[in-house]
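Next come the chains, spelled out residue by residue.
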Amino acid sequence: MKDDGTGPREASEYGTRPVAAEPVMSSDLVVVGAGAAGLYAALSAAAEGASVTLVSATPLAQTASYWAQGGIAASLAVEDSFARHLADTEAAGRDLVRRSAARVLVREAPARVRDLEALGVRFDADRRGVLALGLEGGHSVRRVVHAGGSATGRRVVRQLSALVVDAPNINVLESARAASAWLHEGRCVGVALADGRAVHARATILATGGAAALWSRTTNPPGSLGIGMSIAHAAGADLADLEFLQFHPTAVIGIPGREGFLVTEAIRGEGATLHGPDGERFVEELAPRDEVARAIARLLDETGATSVGLDMRAVDPSLFPNVVSALQDAGLDPTREPIPVSPASHYMMGGIVADTVGRSTVAGLYAVGETACTGLHGANRLASNSLSECFVYGARAARAGLDEPAGAGTIDPPTAAAAPLERPTRATREALWRDAGIVRTREGLERLTEDPHPLARLIAACALRREESRGAHQRADFSRVDPAFDHCHTEIGVNEEPRSAAWA
Ligand SMILES: Cc1cc2nc3c(=O)[nH]c(=O)nc-3n(C[C@H](O)[C@H](O)[C@H](O)COP(=O)(O)OP(=O)(O)OC[C@H]3O[C@@H](n4cnc5c(N)ncnc54)[C@H](O)[C@@H]3O)c2cc1C
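What counts, and where the lines are drawn
- Residues numbered from 1 in each chain as written.
- Predicted model: local features only at pLDDT ≥ 70, side-chain atom pairs only at ≥ 80, totals over all residues.
- Heavy atoms only, no water.
- Helix = DSSP H or I, 4+ residues; strand = E, 2+ residues; numbered from the N terminus.
- Rg over C-alpha atoms; globule rule 2.2 N^0.38 Å.
- Buried < 20%, exposed > 50% of the residue type's maximum accessible area, 1.4 Å probe, protein only.
- Contact = heavy atoms within 4.5 Å.
- Areas by Shrake-Rupley, 256 points an atom, 1.4 Å probe, with all protein chains shown as cover.
- Pairing = 2+ DSSP bridges.
- Right-handed = clockwise from strand over helix to strand, strands pointing away.
- Salt bridge = Lys/Arg side-chain N within 4 Å of Asp/Glu carboxyl O.
- Expected span 1.5 Å × (residues − 1).
- Core = buried A, V, L, I, M, F, W, Y, C linked by side-chain atoms within 4.5 Å.
- Near = heavy atom within 4 Å.
- Nonpolar A, V, L, I, M, F, W, Y, C, P; charged D, E, K, R; others polar.
- Axes fitted to C-alpha atoms, helices over the stretch in contact; angles between N-to-C directions.
- pLDDT = per-residue confidence, 0-100.
- Parallel < 35°, antiparallel > 145°, perpendicular 65-115°, else oblique.
- Left-handed = near helix turned anticlockwise from the far one by under 90°.
- 1 Å grid on protein atoms, 1.4 Å probe; cavity = no way out; pocket = protein on both sides within 12 Å on 5 of 7 lines; lining within 4 Å.
- Points joined across faces, edges and corners; volume = space filled by probe spheres on them.

**Some points on the overall build of the protein chain**
Piece 1. Along the protein chain, the regular secondary structure elements total 13 helices and 23 strands.
Piece 2. Over its C-alpha trace the protein chain gives a radius of gyration of 22 Å, about what one expects of a compact globule, namely 23 Å for 504 residues.
Piece 3. Taken across its 504 residues, the protein chain has 61% of its residues classed as buried.
Piece 4. Relative to all contacts within the protein chain whose residues are 6 or more apart in sequence, the contacts with residues 24 or more apart total 70%.
Piece 5. Carbon and sulfur atoms provide 50% of the accessible area of the protein chain, an area that totals close to 19000 Å².

Here's what the structure looks like:
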């Protein structure tokens, strides 16, 4: 349905939205997910004059994008360059970064930041309007654009959502859940929703976020369950690199109401330090995330402690107002005492196999943002490259999707309401934490292959296949990098065993 802005509208958290109750709707593109990637893809397509249906399951504040603190990586500093951003991305990704995909990211990220400014996002800047750039782990130079200190995600998502509401050619279906891809003659021609409706489109863009909330201790909102990955896989699309799940080193622990609350790396970039139970520093705080997370896990293991202390007393609290106030609300005063932190599952590097315009292995089906696996993050994502990815690849997928054939004639809608996707039980989430945690063993992973949740089984199969330790994937039984796996990604098709494939 192309909404011309004159039809019925109802109040919503986005402002007002057109009401669309038809069982089968139609637009040029359907975008599933209203985080950074979905909102930006929808706006990019709408800017080309296309009609877009945006399907969003959860409220705005429950997207990972809304929770993002640190910012958006882009080589904007005078002393920075594409080559330097690429080198840092590749160093963090441990010989697994797909260079063609990372090159696209570093080249296009600065232009996407400028676009966001043109769209009304106000990033932190000095009096002359020069953007303030933060430093995060693994970056060799200040490169992270932020807004409201550590409220970057909230600011960006709010502004993009407001624009989406005002765009007459974007039809938002709030509280609507995509359940399956609508397939016709081997192509994806839209999505079937869980409530029985369907959206027909020349291209379908899955922007459904990551899967870190499958693990019991996480920094992510509860909806990050890899639902897009499950939908794509059920439609026949390949997934890849599911063994690479990044653990964030510094999530609050032991504080009711703030369990898993992330304390951004940017705070360490401003000088916060990590201390063991004896009060001593034990790790280079700005080393890549996997190293810091492992050092903390090792220390906790050795000492039996449940947390290490993050000391940010030397950091100006006005730089991170929302982190400081969230901690103070929970009864912790970071200006006076160290914060108890330990690692938590944070970011899924793997996902739906996607090329440099977001195309999956099923015609007409695209994936962008955290649900996609272009290979650009390799074995370990460089901090703040994920929001950049949402914007760079969101715009690319929108353009490419509009080039898909419109399809001839009328296609029968999906006949039955799609089966609801399986939600993980508490036992599955605990099993992932135990058996596919910071350090894995064959025994634990084999146990996980028996888990009732299909995505948990796929994660276990990929992690078993990779008999080495690299970046975020650490095996106690294969504790070294095996050069034979350099640039080899773990692909997994439908009803297939995982296979290793070199990606150009
Ligand atoms: C606490 C935290 C801090 C972070 N900080 C940073 C940072 O500073 N910089 C950075 O680069 N990255 C950061 N990240 C990672 C980054 O935020 C995410 O990778 C990125 O926001 C993912 O965006 P997305 O649009 O792909 O998905 P999300 O923002 O997770 O959005 C997913 C959307 O899909 C919808 N959805 C899911 N399933 C369905 C369905 N079946 N039907 C319909 N809709 C569906 C959801 O409702 C939601 O709207 C952080 C993550 C967290 C959790």
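Having seen the model, we can carry on.
**Let's talk about the pairing of strand β4 (residues 29–32)**
Piece 1. Side-chain alternation along β4 places Leu29 and Val31 on one buried face and Val30 and Val32 on a second face that is also buried.
Piece 2. Direction of pairing for β4 relative to strand β5 (residues 52–56): parallel, over a ladder of four bridges. Bridge assignment links valine 30 to a residue of β5, and that residue is threonine 53.
Piece 3. A crossover connection joins β4 to the parallel β5 through helix α1 (residues 36–47); in handedness this β-α-β unit is right-handed.

**A few points about the pattern of salt bridges**
Piece 1. All chains considered together, the criterion is met by 32 salt bridges.
Piece 2. Residue aspartate 435 is joined to arginine 447 by a salt bridge in which the shortest nitrogen-to-oxygen separation is 2.6 Å. One end of the pair, aspartate 435, is in helix α11 (residues 426–435); the other, arginine 447, is in helix α12 (residues 442–448), and 12 residues separate them in sequence.
Piece 3. Judged by relative accessible area, which is 3%, aspartate 435 ranks as buried.
Piece 4. Overall, the relative accessible area of 42% leaves arginine 447 in the partly exposed class.

**Details of helix α8 (residues 289–303)**
Piece 1. Relative to the 21 Å expected for 15 residues at 1.5 Å per residue, α8 spans 21 Å between its end C-alpha atoms, a close match to the ideal helical length.
Piece 2. Along α8, the residues classified as buried are Arg289, Asp290, Val292, Ala293, Arg294, Ala295, Ile296, Leu299 and Leu300.
Piece 3. Of the residues one or two after α8, glycine 304 is the one with positive phi, at around 75°.

**Digging into the nonpolar core**
Piece 1. Of all hydrophobic cores here, the largest spans 61 residues; its most connected members are Leu54, Leu116, Phe123, Ile170 and Phe391.
Piece 2. Looking at which element gives the most residues to this core, the answer is helix α10 (residues 385–402), with 10 residues.
Piece 3. Core analysis: the next-biggest nonpolar cluster, separate from the first, contains 53 residues, Leu206, Ala212, Ala354 and Ala431 among them.

**Digging into the site of the ligand**
Piece 1. What surrounds the ligand is a group of 38 residues, the closest being Thr58, Ser65, Gly70, Glu370 and Ser386.
Piece 2. Contact with the protein chains hides 97% of the accessible area of the ligand, taken as 1000 Å² for the molecule alone.
Piece 3. Within the residue set of the shell around the ligand, elements represented by two or more residues are α1, β5, α2 (64–67), β18 (339–348) and α10.
Piece 4. Among the elements that take part in the shell around the ligand, α10 stands out by supplying four residues, more than any other.
Piece 5. Considered class by class, the residues forming the shell around the ligand number 17 nonpolar, 18 polar and three charged.

**What about the sheet that holds strand β3 (residues 24–26)?**
Piece 1. Across the sheet, which stays open at both edges, the four strands sit in the order β3-β12-β11-β10 with mixed pairing between neighbours. Only two strands of the sheet have a single partner each, and these edge strands are β3 and β10 (178–184). The sheet shows a mean angle of 30° between the axes of neighbouring strands, direction not considered.
Piece 2. The pairing of β10 with strand β11 (residues 187–193) spans six bridges and is classified as antiparallel. Bridge pairing in β11 places alanine 178 opposite leucine 193.

**Details of unusual backbone geometry**
Piece 1. Within the chain, serine 175 stands out as a residue other than glycine whose phi angle is a positive 55°.
Piece 2. For serine 175, the position within the fold is in the loop between β9 (170–174) and β10.
Piece 3. Accessibility expressed as a relative area gives 66% for serine 175, which makes it exposed.
Piece 4. The backbone of histidine 487 sits at a positive phi, close to 60°, despite the residue not being glycine.

**Topic: the confidence of the model for the protein chain**
Piece 1. For the protein chain, per-residue confidence averages 92 on the pLDDT scale, and residues scoring 70 or more make up 94% of the total.
Piece 2. Here residues 1–20 is modelled with pLDDT under 50, and outside its nearest four sequence neighbours on either side it reaches 52 contacts, counting other chains as well.

**Considering the packing of α1 against α10**
Piece 1. Relative to each other, α1 and α10 sit at 40°, their axes nearing to 8 Å. One element, α1, and the other, α10, form an angle in the oblique class. Between α1 and α10 the crossing geometry is right-handed. Here Ala36, Ala37, Tyr40, Ala41, Ser44 and Ala45 of α1 lie close against α10, whose contacting residues are Leu387, Cys390, Phe391, Gly394, Ala395, Ala398 and Leu402.
Piece 2. Counted by class, the contact of α1 with α10 contains 11 nonpolar, two polar and no charged residues.

**Considering empty space enclosed by the protein**
Piece 1. Under the criterion given, the structure shown has three cavities of 30 Å³ or more.
Piece 2. Reported here for the largest cavity is a volume of approximately 80 Å³.
Piece 3. Considering the residues around the largest cavity, the lining is formed by Gln246, Phe247, Asp290, Ala293, Arg294, Asn380, Ile438, Gly471, Ala472 and Gln474.
Piece 4. Going through the elements one at a time, β15 (245–252) and α8 are the ones with two or more residues in the lining of the largest cavity.
Piece 5. When residues of the lining of the largest cavity are assigned to their parent elements, the largest contribution, three residues, is made by α8.
Piece 6. Taken together, the residues of the lining of the largest cavity sort by class into four nonpolar, four polar and two charged.

**Details of the pairing of strand β23 (residues 499–502)**
Piece 1. Summarising the sheet, strand β22 (residues 488–492) and β23 pair through four bridges and their orientation is antiparallel. The residue bridging histidine 489 from the neighbouring strand is alanine 501, located in β23.
Piece 2. Connecting the antiparallel pair β22 and β23 is a turn made up of six residues, with asparagine 495 showing a positive phi of about 50°.

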